[in-house]
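# Per-entry structural report
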Amino acid sequence: MVCCVRVRDAAFTNAFRVVSSLALTLTMGGVQQALAQTKLPDVTVDAPKPKARQTTLRPQANSTRTAQQRRVAPRALPPAAPVAYVTPSTGTVGAPPSPYAGGQVASGGGLGLLGNRGVMNTPVNQTSFTSKTIQDQQARTIRDVLINDPSVRTIQAAGGGADSLFIRGFYYDSGDYALNGLAGIAPYYSTGANFIERVELLKGPAALLNGMTVGGTGASSGGAVGGSVNLVTKHALDTDITQLTATYASKTQFGEQVDVSRRYGEHKEWGVRLNSKYSNGDTPWNRQTDEFGNAHLAVDYHGDRVRIDADIGYQADNLNPPLRFFGVGPAVTGIPTPPASGANFQVPWAYYAPTDFFSTVKGEVDLSDRITAYAGFGYHDSNINYRYPSPVLSSNAGILTSTPGTGSETYKTYAGEAGLRLTADTGPINHAVNVGYSITDRTYTQKVVAGLMPNWSLYREPTDIALPSFPTVQSNQIVGADLWSVGVSDTMSILDKRIQLTVGVRRQTAGTEITNYLPNGVSRPFQDTSVWTPAYALVVKPVEQVALYANYIEGLQTPAVVTSNTYNNVGTVFPPGQTKQIETGIKVDFGRITTTLSAFDISKPSIISVTTAGVAKPDQVLNGLQRNTGAEFNVFGEITPAFRLLGGVAYTHGVQEKTQGGSTDGKRAVGVPELTANLGAEWDTPFVRGFTVTGRVVYTSVQYVDIKNTLSLPDWTRVDLGARYTFTSPWNGKPIVLRASVENVFDEAYWASAYSGVITLGAPRTYLVSTTFNF
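Presented here is an overview of the structure given in this document. In this text the structure is predicted, and so the values were computed from the model without any measurement. (Residues numbered from 1 in each chain as written. Predicted model: local features only at pLDDT ≥ 70, side-chain atom pairs only at ≥ 80, totals over all residues. Heavy atoms only, no water.)

An order of β3-β9-β10-β7-β8 is seen for the 5 strands of this open sheet, with the pairing classed as mixed. Of all strands in the sheet, those with a lone pairing partner are β3 (126-130) and β8 (182-183), marking the two edges. Pairing of strand β9 (residues 196-203) with strand β10 (residues 227-233), which is carried by 7 bridges, proceeds in the antiparallel orientation. For Leu202, the partnering residue across the bridge sits in β10 and is Ser228. (Pairing = 2+ DSSP bridges. Helix = DSSP H or I, 4+ residues; strand = E, 2+ residues; numbered from the N terminus.)

One can find Thr652 in strand β31 (residues 643-657). Here Thr652 falls in the buried class, since its relative accessible area comes to 7%. In contact with Thr652, other than residues within four places in its own chain, are Arg168, Phe600, Asn628, Thr629, Gly630, Val672, Pro673 and Glu674. (Buried < 20%, exposed > 50% of the residue type's maximum accessible area, 1.4 Å probe, protein only. Contact = heavy atoms within 4.5 Å.)

The next point concerns the sheet that holds strand β20 (residues 399-401). Pairing is mixed in the open sheet, where 6 strands are placed in the order β23-β20-β19-β16-β39-β38. Of all the strands in the sheet, just β23 (456-457) and β38 (751-755) have a single pairing partner and so form its edges. In terms of strand pairing, strand β19 (residues 392-393) meets β20 through 2 bridges, oriented antiparallel. When the bridges of β20 are listed, Val392 appears paired with Thr401.

Inspection of the entire model under this criterion finds 24 aromatic pairs. Consider the rings of Tyr386 and Tyr388, whose centres lie 5.1 Å apart with planes at 25 degrees: the pair is stacked. When sorted by exposure, Tyr386 lands in the same class as Tyr388, which is buried. Judged by centre distance (6.2 Å) and plane angle (25 degrees), the ring pair of Tyr536 and Tyr552 falls under stacked. Taken together, the residues Tyr536 in strand β26 (residues 524-543) and Tyr552 in strand β27 (residues 546-556) connect sequence positions 16 residues apart. Taking the relative accessible area as the measure of exposure, Tyr536 reaches 42% and is therefore partly exposed. The side chain of Arg421 reaches across the aromatic face of Tyr374, ending 4.1 Å from its centre. (Phe/Tyr/Trp six-rings, centres within 6.5 Å; stacked < 30°, edge-to-face > 60°. Lys NZ or Arg CZ within 6 Å of the ring centre and 35° of its normal.)

Treat this as a map of the structure, not an account of what it does.
Structure follows, in structure tokens:
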């Protein structure tokens, strides 16, 4: 490990001090005010129960005086329940939007700089999946939740332990997930879903709303061009929770989840919630075991004018062996047939072991009834040790080659924010003004050594390939990324918010550096670039149940650095890429079901992997623009109280433009299927009370693997079925929930996705069973 102090760190250190000082000021102010307002109860948790009234039999013939005494006798009333403080419209902490009809999706979500907004007042396409959906669908990680949206497709290998995505056909790195609004603070490769209250999916560039994303290695970022994901952690509810869930997943994955929540204080100001998960055993893939665990503690204070949320968590995964994506060699002229469902092409000595420590603190102070100051800080320390080959398809017959690697990587990420939200009236116009500052710093350290191993076949499990030696240092580097921005916006509304115009701009600065310790390694001193990224959005509601919206948003990608020695041009630095989106749509709230129809046009500079015949390694090169245009239809809610829908259809036409020499102009973008559809339904059966059947169909059309469109993956369809039964416990009168589901019911073997010269396999048939007990 190399420790050094960099001159360029001074400015960012000072900036972090400002954010941290404000966060600490809010925290200390909140504690002082909390002590002034109330104190934690000494011993008693629940309010004492009133004594039962004493009644006696009386003679029928009684005096009038006795009857009068009976009428005026005082009545023993139960004590009034504590009333929680109300969060104002300018606040967000402790005030997540309520669930919509059916409970699968929230009625709104967080929009970063703009605060919380309801669906019908949001000038973008956003869906916020609730913890009820997570639990009912037995989601293990966040990728299991996002499969409900037609504009999202996972592009990391199933069984590989990572959750990178395509959103509207653009890459979204697993290192970009935000936690409680702070980008890059969620567990790096994959996040367990058990401690997440909301999964907020925002589609389209969100530079104005959330600032830039730091990207995977810190040296390059997808820029969250097609969308972004914010994970909201679970905090204590007004109702106490003591819950234990036993889980099973095929083949022999047994586990448990614990959820305990309490609130204390005269107004339930203080909250504590603990979530934990542990599972271990054989997965649906042959010869693969997975041991996964996490623990998350949330503590909060929600007072009259001060609100503070604090979270701390730890997660670890031990996957043996991890399944990987496949590179596609230059000799391949047709993608081979996928191996049998559940077959494991990975060598037996491969392993993958990431650990994540993460924490956030967010605070708000209501300076007046119309002004709220806020600040937040997050820290994330991710470490991964691994040893595996990433196989390359070298022939149409499925022959695999690889240079295996073993090593370690660390990601240390700091993120902060501070700002003001206020509302004001100027005549008939209401203003919701937001001013915010955000900063993210990530340091990525990597050391990898490479070995040699023989070729093997995609269709034969390589159990006889021995562990090779690893004599060659392949990578030894430290990469840094510093991002900071200042944004301001004003949402002007008239006619009781029937017309809302949002105008905003963010000044963004992105800087990167790389220190390469290889003998012939290419280093690069710290350099940064600043740009203005404006945004405009309009919402018009001709009637309360219908919202027409349009937006124009620009974004920014960090300057990309080729960091891997697997490329010929390692060390190459590409300039920051500016992205643009135009979107328009209509939302209709029918009361218990909401639909959204939108059309979009998004473009970004394209960096691709190019393989040259006779050259062992590919190059990463700039190749014009990728432009995705399309339309999507989303639906969520209840058709009837017993029948719920969740899903939609998306059409995305991704093409290459302004490519080198125009050689691939008009060709389809790699890995972007034109048609994707997701439709899930739940039905509460009338013939058995508490019994619900569920189903979901996921469809993905043809995808191209290479920029010349000579290789493609066929379309695929996945069918999931399930059921759950809720009944009252005979021991304590509280509900017990039994759940069972089957993913990929027909056990289809298929190529699931393509991205930048690699392809991945879909998951085999998977059985899921769980039982939740409430105490």
